[in-house]
Protein chains: 2
Amino acid sequence: MKITLEAVLPAEIERRSMELIEQELATQKIVLQPELAPVIKRAIHTSADFDYARNLVFSPGVVQKGRAAIQNGACIVTDTQMTKAGINKKLLAHFGGEVFCFMADEDVAQAAQAQGSTRAAVSMDKSLTLNRPLIFAIGNAPTALVRLYELICEEKLKPELVIGVPVGFVNVVESKELLLQTQVPHIVARGRKGGSNIAAAIVNALLYGIDK
Amino acid sequence: MKITLEAVLPAEIERRSMELIEQELATQKIVLQPELAPVIKRAIHTSADFDYARNLVFSPGVVQKGRAAIQNGACIVTDTQMTKAGINKKLLAHFGGEVFCFMADEDVAQAAQAQGSTRAAVSMDKSLTLNRPLIFAIGNAPTALVRLYELICEEKLKPELVIGVPVGFVNVVESKELLLQTQVPHIVARGRKGGSNIAAAIVNALLYGIDK
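Per chain, residues are indexed from 1 in the order of the written sequence. Labels follow written order: the first chain is A, the first ligand is 1, and so on. The predicted nature of this model means local features are confined to residues of pLDDT at least 70 and side-chain atom pairs, given and counted, to a pLDDT of 80 or more, with totals for whole chains, interfaces and linings taken over all residues. Hydrogen atoms and water are omitted, and side-chain values are computed over all heavy atoms in the structure.

With that out of the way, let us pick up the sheet that holds strand S1 (residues 56-58) of chain B. Residues and elements named next belong to chain B. Any two strands between which DSSP finds at least two bridges are classified as paired. A run of H or I in DSSP counts as a helix once it spans at least four residues, and a run of E counts as a strand once it spans at least two, with each numbered from the N terminus. Reading across the sheet, the six strands line up as S1-S6-S5-S4-S2-S3 and stay open at both edges, with mixed pairing between neighbours. Edge positions in the open sheet fall to S1 and strand S3 (99-101), since each of these has one partner strand only. The average undirected angle you get between the axes of adjacent strands in this sheet is 15 degrees. Two elements, S1 and strand S6 (residues 186-189), share three bridges in a ladder whose sense is antiparallel. In the strand pairing of S6, Phe58 is matched with Ile187. Contacts between helix H10 (residues 172-180) and the sheet are confined to S1, strand S5 (161-164) and S6, with S6 contributing the most and set at about 155 degrees to the helix. Every axis in this analysis is a line fitted to C-alpha atoms, fitted for helices over the stretch in contact. Angles between the N-to-C directions lie between 0 and 180 degrees. Any two residues whose heavy atoms approach within 4.5 Å are treated as being in contact.

A few words now on the relation of the copies chain A and chain B. Its rotation angle being 180 degrees, the transformation that places chain A on chain B also includes 0.0 Å of axial translation and leaves an RMSD of 0.0 Å. The transformation just described matches what one would write down for a two-fold rotation axis. When C-alpha distances to the rotation axis are compared across chain A, the minimum falls at Met82(A), with a value of 2.4 Å. When the interface residues of chain A are mapped onto chain B, 100% of them again lie at the interface, so the same face is used by both copies. Here the copies were fitted onto each other by least squares, based on C-alpha atoms from residues at pLDDT of at least 70 in both.

Let's shift gears to the sheet that holds strand S6 (residues 186-189) of chain A. Sheet strands pair via backbone hydrogen bonds, and the direction of the pair is either parallel or antiparallel. All names here are of chain A. With mixed pairing, six strands are arranged side by side in an open sheet as S1-S6-S5-S4-S2-S3. Where the open sheet ends on each side, the last strands, each with one partner, are strand S1 (56-58) and strand S3 (99-101). Strand after strand, the sheet turns through a mean of 15 degrees between neighbouring axes, direction not considered. Bridging between strand S4 (residues 134-138) and strand S5 (residues 161-164) involves four bridges; their strand directions are parallel. Paired with Ile135 across the strands is Leu161, a residue of S5. Sitting on the sheet, helix H9 (residues 142-153) is in contact with S4 and S5, with an inclination near 150 degrees to S4.

With that out of the way, let us pick up the pairing of S6(A). The two faces of the sheet receive side chains in turn, since in a regular strand these alternate between them. Residues and elements named next belong to chain A. Working definition: with a 1.4 Å probe on protein chains only, accessible area under 20% of the residue-type maximum means buried, over 50% means exposed, and in between means partly exposed. Where burial is concerned, the two faces of S6 agree: the one with His186 and Val188 and the one with Ile187 and Ala189 are both buried. Note: S5 against S6, three bridges, orientation parallel. When the bridges of S6 are listed, Ile163 appears paired with Ile187. In the classification by handedness, the crossover that spans S5, the intervening helix H10 (residues 172-180) and the parallel S6 is right-handed. Seen with the strands pointing away from the viewer, any crossover whose path from the first strand over the helix to the second strand runs clockwise is right-handed.

Here the focus is the nonpolar core. With 94 residues, the main nonpolar core has Ile44(A), Leu56(A), Phe58(A), Ile44(B), Leu56(B) and Phe58(B) as its most contacted residues. Look past the residues within four positions of Leu56(B) in its chain and what remains in contact with it is Ile40(B), Ala43(B), Ile187(B), Val188(B), Ala189(B) and Ile202(B). By nonpolar core we mean a set of buried residues, namely Ala, Val, Leu, Ile, Met, Phe, Trp, Tyr and Cys, connected to one another through side-chain atoms within 4.5 Å.

Because side chains alternate across S5(B), one face comprises the buried residues Leu161(B) and Ile163(B), and the other comprises Val162(B) and Gly164(B), equally buried. Taken together, strand S4 (residues 134-138) of chain B, helix H9 (residues 142-153) of chain B and S5(B) constitute a β-α-β crossover, and its handedness is right-handed.

Glancing now at the interface of chain A and chain B. On the chain B side, the residues contacting the 49 residues of chain A number 49 residues. By definition, the buried area sums, over both parts, the 1.4 Å-probe accessible area that each loses when the two are put together. Here chain A and chain B share an interface that buries about 3,500 Å² over both sides, 73% of which is from carbon and sulfur atoms. One side-chain nitrogen of Lys or Arg within 4 Å of one carboxyl oxygen of Asp or Glu is enough to make a salt bridge. Applying the counting rule to chain A against chain B returns two salt bridges. Each polar contact in these results corresponds to two N or O atoms within 3.5 Å; when the atoms are within protein, one needs to be able to donate a hydrogen and the other to accept it, and residues that are neighboring in sequence are counted only if both atoms are side-chain atoms. Joining chain A to chain B, the criterion identifies one residue pair in polar contact (both at pLDDT 80 or more). Every element with two or more residues in the side of chain A that touches chain B is listed here: helix H1 (10-27), helix H2 (37-45), helix H5 (81-86), H9, H10 and helix H11 (196-208) of chain A. Broken down by element, the side of chain A that touches chain B gets its largest block of residues, seven residues, from H1(A). Nonpolar residues are Ala, Val, Leu, Ile, Met, Phe, Trp, Tyr, Cys and Pro. Charged residues are Asp, Glu, Lys and Arg, and all others, Gly as well, are polar. Considering only residue class, the side of chain A that touches chain B consists of 22 nonpolar, 19 polar and eight charged.

The residue Leu9(B) is located in the segment before helix H1 (10-27) in this model. Put simply, Leu9(B) and Lys176(B) are 167 residues apart on the chain and 37 Å apart in space, counted from C-alpha to C-alpha. Apart from residues no more than four positions distant in its own chain, Leu9(B) is found in contact with Gly116(A), Ser117(A) and Thr118(A).

So, on to empty space enclosed by the protein. As defined here, a cavity is a set of points on a 1 Å grid over the protein atoms alone where a 1.4 Å probe fits but cannot get out. A pocket is an open set with protein on both sides within 12 Å along at least five of seven lines, and residues line them when an atom is within 4 Å of a point. Grid points are joined across faces, edges and corners, and a volume is the space filled by probe spheres set on the points. Tallied over the entire structure, the rule returns one cavity of 30 Å³ or more. Volume-wise, the largest cavity comes out at about 90 Å³. Taken together, 14 residues line the largest cavity, and the ones lying closest to its centre are Ser47(A), Asn197(A), Ser47(B), Asp49(B) and Asn197(B). At the level of secondary structure, the elements contributing two or more residues to the lining of the largest cavity comprise H11 of chain A together with helix H11 (196-208) of chain B. Taken together, the residues that form the lining of the largest cavity break down as four nonpolar, six polar and four charged.

This brings us to the pattern of salt bridges. In the structure shown here, the tally under the stated rule is 28 salt bridges over all chains. Note that Asp105(A) is salt-bridged to Lys126(A), the shortest N-O span being 2.8 Å. Placement of Asp105(A) in the loop between S3 and helix H7 (106-115) and of Lys126(A) in helix H8 (residues 119-127) is noted, with a sequence separation of 21 residues between them. Note on Asp105(A): relative accessible area 22%, which makes it partly exposed. Residue classification places Lys126(A) among the partly exposed residues on the basis of a relative accessible area of 21%. With a shortest N-O distance of 2.5 Å, Arg15(B) and Glu19(B) are connected by a salt bridge. Here Arg15(B) and its partner Glu19(B) are both found in helix H1, four residues apart, which amounts to about one turn of the helix. Bridged by salt links that share partners, the residues Glu12(A), Arg15(A) and Glu19(A) form one connected network.

Here is the structure:
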């Protein structure tokens, strides 16, 4: 067994990892569209799960639109502290953006209980108070996606981008299909898979692809 | 398409999700050992990836040992802020434990640069200063696992448990095999898969299974 220190420095690990992902994709005869490849490869990089080469759905021009929104100072709203933790906030701040997660807020908990709703859904309502261009990165709660769908249909909210990658077994698939019916720019992991790590990876892939 | 509000409240989602996971495991004719099942099912729950029914390796009695360590006030050291964010810290605090992640510490960054090492590896060294019983939850950096292996072999560190689930393509598989050679209680995701979400899910599965 060989573990060489030269090989393990982070920048080098990442470069070699992406090469290995590309090789594996070639072996599986999967050809990615160049503009989508960085997003797909980073989702695979964070999960080692090549299903993300097949299950990610992109609305037209969404990668370019997402990057433009970030360059214009868009903020990111997440449905978990994990996704917030995983986003490169220093780089986002370079463009004027911030990450918000309202899940632990006391007013959100109270409103959810009063309404018989979820904190995730109420968090989406709270995002309306931000008055900033918004990107939503939803890696956990289908109720967040359902609430976003309602707010979009009611024309109360017009997100720059919705990253709809909740994971799980109950209402997850359906919530993603709702989002796919909208005209809002979106990146969706069709099916059960996704997660807070995938949501953060997609945001970071958009960030890392912006020319500074 | 049917999205019923009754079905989407979090506690109910989790209960039904676990049922669906059990059904899918039964369909795949996978029988889990009862003491390991909560950990495996929670890893699947956080990823929707049934590979975790096959790739998780448990040292003898490790679930019981991990829970006993938590009950005795063990602290958790993580290699990412994401894993720290995902762990139920309120419940851990109930038993006297805390979560530490040293990755963003300035002294760690400086030492890593001075040594030509990684922040993840230096973070493991820093954990020696805690003087508390420790559980390591490693979901990202193989260099953290390699450094833990060295510290264990040098008898500088005797962890209560190492959760070794880094994800990726470079040195990840090898770092896990190193850990598997030790006598330290461990839970390892053999192969490329794992992640910060999986590391947090395993810690939470241990926490949720403790009788309060």
